[in-house]
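Fold and geometry: a report
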Amino acid sequence: CQQSEKHLEKINNVDEFVKQIFMVIHSNDPVARSLTLRTLGSVACIIHENQQVHHAIRRALDSHDTVEVEAAIYASAQFAARSKTFAISMCSKVASMIESLQTPVNMKLQLIPVLRHMHHDANTAAIVKTLCINLLPKYPSENFICVTLDSLTELSCATLVDIPDQVNLLIDYLQDPRTKVRVSVLKSLQILAEKGSHLWLVESVNSL
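So, here's what we can say about the structure. (Residues numbered from 1 in each chain as written. Predicted model: local features only at pLDDT ≥ 70, side-chain atom pairs only at ≥ 80, totals over all residues. Heavy atoms only, no water.)

What follows is about the environment of glutamine 2. As for its placement among the helices and strands, glutamine 2 is situated in the segment before α1 (14-22). On the basis of relative accessible area, glutamine 2 is assigned to the exposed category, the value being 53%. Remark: the alpha-carbon pair of glutamine 2 and leucine 115, spanning 113 residues in sequence, is separated by 22 Å. With near-sequence residues (within four places) excluded, glutamine 2 lies in contact with Ser42 and Tyr74. A distance of 2.9 Å separates a polar atom in the side chain of glutamine 2 from a polar atom in the side chain of tyrosine 74. (Helix = DSSP H or I, 4+ residues; strand = E, 2+ residues; numbered from the N terminus. Buried < 20%, exposed > 50% of the residue type's maximum accessible area, 1.4 Å probe, protein only. Contact = heavy atoms within 4.5 Å. Polar contact = N/O pair within 3.5 Å; in protein donor to acceptor, adjacent residues only side chain to side chain.)

Encoded structure:
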């Protein structure tokens, strides 16, 4: 399905196609359910507003099986990128998982990139931006910093109005002693320069 994404629109009966895949979501085998979620995520471009699938992904995020939760995170990212309804409805769920002490750190690293797609309305984008900025001091490891800053940059590119604030935030992190963080920051600054250089403040350019 991933390799055939450009050809998925040629499917004549999408409902029947989804029905054949979706029936496996009721399996007792978490690996089977995980494969189903990944497959559904891979065809999100043609079923992104399917409420039944939205519900199945949300339910799978509460699973006690790590493989199934990771598959649900993958599917969440695919659907959030294409469906405004899904992104808005999932914002609080993803945020609570990231903030929860029960969620393993490696899973939080997978969840944060899902947030970069939640820019379909100003209110949701503002909530996600605040959440990400609050995460930065809580999780100072370089992987966390890089993933969070990358996600904030993607959000800023989508909303445009947040570009000046994001540029200033990135310039602050350019002082970080870790090479990996500085390289990530420079890449993000390049993206913001290409996307909206006219929105940069003169002070920011001088600081850089």
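Next up on the list: the pattern of salt bridges. Should the charged atoms of two oppositely charged side chains come close, the side chains can pair. Within this structure, the stated rule accounts for 6 salt bridges. Between glutamate 5 and arginine 82 there is a salt bridge, with the nearest N and O atoms lying 3.1 Å from each other. Of this pair, glutamate 5 sits in the segment before α1 while arginine 82 is found in the loop between α5 (66-80) and α6 (84-99), placing the two residues 77 residues apart along the sequence. Arginine 82 sits in the partly exposed class, given a relative accessible area of 30%. With its nearest N and O atoms 3.2 Å apart, the salt bridge here joins aspartate 165 to lysine 129. Of the two residues, aspartate 165 is situated in helix α10 (residues 163-173) and lysine 129 in helix α8 (residues 122-138); the sequence distance between them amounts to 36 residues. The exposure class assigned to aspartate 165 is partly exposed, which follows from its relative accessible area of 47%. Through salt bridges with shared partners, a single network forms among Lys129, Asp162 and Asp165. (Salt bridge = Lys/Arg side-chain N within 4 Å of Asp/Glu carboxyl O.)

With that out of the way, let us pick up α8. Along an α-helix, a turn takes 3.6 residues, which lines up residues three or four apart on a common side. The end-to-end C-alpha distance of α8 is 25 Å, a good match for the 24 Å that 17 residues give at a rise of 1.5 Å each. Within α8 the residues assigned to the buried category are Thr124, Ala125, Val128, Lys129, Leu131, Cys132, Leu135 and Leu136. Summarising the axial view, the buried residues of α8 lie within an arc of 165 degrees, below the 170-degree limit, and thus occupy one face. The exposed set on the far side of α8, more than 90 degrees from its buried face, consists of Ala122, Asn123, Pro137 and Lys138. Close packing links the buried residues of α8 with α6, α7 (105-115), α9 (142-159) and α10. (Expected span 1.5 Å × (residues − 1). Arc of directions from axis to C-beta.)

Moving on: the packing of α10 against helix α11 (residues 179-196). It is the contact of α10 with α11, at a shortest axis distance of 9 Å, that shows an interaxial angle of 155 degrees. Considering the angle they form, α10 stands roughly antiparallel to α11. Handedness of the α10/α11 crossing: left-handed. Contact residues: α10 offers Ile163, Gln166, Val167, Leu170 and Tyr173, while α11 offers Val181, Val185, Ser188, Leu189, Leu192, Lys195 and Gly196. Looking at side-chain class alone, the contact of α10 with α11 contains 8 nonpolar, 3 polar and 1 charged residues. (Axes fitted to C-alpha atoms, helices over the stretch in contact; angles between N-to-C directions. Parallel < 35°, antiparallel > 145°, perpendicular 65-115°, else oblique. Left-handed = near helix turned anticlockwise from the far one by under 90°. Nonpolar A, V, L, I, M, F, W, Y, C, P; charged D, E, K, R; others polar.)

Summed over all chains, the structure comprises 2 aromatic pairs. A centroid spacing of 5.8 Å and a plane angle of 50 degrees characterise the contact between phenylalanine 79 and phenylalanine 86, whose relative ring orientation is tilted. The residues phenylalanine 79 and phenylalanine 86 share a single accessibility class, namely buried. With a centroid separation of 4.4 Å and an interplanar angle of 15 degrees, the aromatic rings of tyrosine 139 and phenylalanine 144 are classed as stacked. Both residues of the pair, tyrosine 139 and phenylalanine 144, belong to the buried class. (Phe/Tyr/Trp six-rings, centres within 6.5 Å; stacked < 30°, edge-to-face > 60°.)

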